[in-house]
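Here's the letter readout for the chains.
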Amino acid sequence: MNKDYDAAAIANSVAKRMLSRDVVSEGDYNVIYTSETFPTTAYGLAHNLNPELAEQIQDAFFSYDWEAVRWKPSLPTLVKLSSFRSPTKRTGQ
């Protein structure tokens, strides 16, 4: 590593790629904290979307059988929000 910084945050997936490509070695750095894995992608709905359509989209997304397809989402788990809340409108829109 180029030693520009004393410490830096890095995603574990990035560290694994750097290790596999021999960019760094295990002994080149020290891990001082590891957080729990969290989703890397977010999905949202437009604030002015018809509420019935928004509910149908959410139902389709959360009821989809991910195990039945070869492609898997990058999310470690899919978590349904306990309640859907539209963001408040910004003034001037």
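Residues numbered from 1 in each chain as written. Predicted model: local features only at pLDDT ≥ 70, side-chain atom pairs only at ≥ 80, totals over all residues. Heavy atoms only, no water.

Chemist: With reference to specific residues and values, describe the overall build of the protein.
Modeler: A tally of helices and strands in the protein yields two helices and zero strands. In the protein, which comprises 93 residues, the proportion classed as buried is 8%. Considering only intrachain contacts with a sequence separation of at least 6, the fraction spanning at least 24 residues in the protein is 49%. With an accessible surface of roughly 8,900 Å², the protein has 53% of that area assigned to carbon and sulfur atoms. (Helix = DSSP H or I, 4+ residues; strand = E, 2+ residues; numbered from the N terminus. Buried < 20%, exposed > 50% of the residue type's maximum accessible area, 1.4 Å probe, protein only. Contact = heavy atoms within 4.5 Å. Areas by Shrake-Rupley, 256 points an atom, 1.4 Å probe, with all protein chains shown as cover.)

Chemist: Which residues make up the layout of surface pockets, and what are the values?
Modeler: Any empty space left between atoms is shown by rolling a water-sized probe over those atoms. By volume, the largest pocket is sized at about 1,200 Å³. Taken together, 31 residues line the largest pocket, and the ones lying closest to its centre are Ala8, Ala9, Ile10, Ala11 and Ala15. (1 Å grid on protein atoms, 1.4 Å probe; cavity = no way out; pocket = protein on both sides within 12 Å on 5 of 7 lines; lining within 4 Å. Points joined across faces, edges and corners; volume = space filled by probe spheres on them.)

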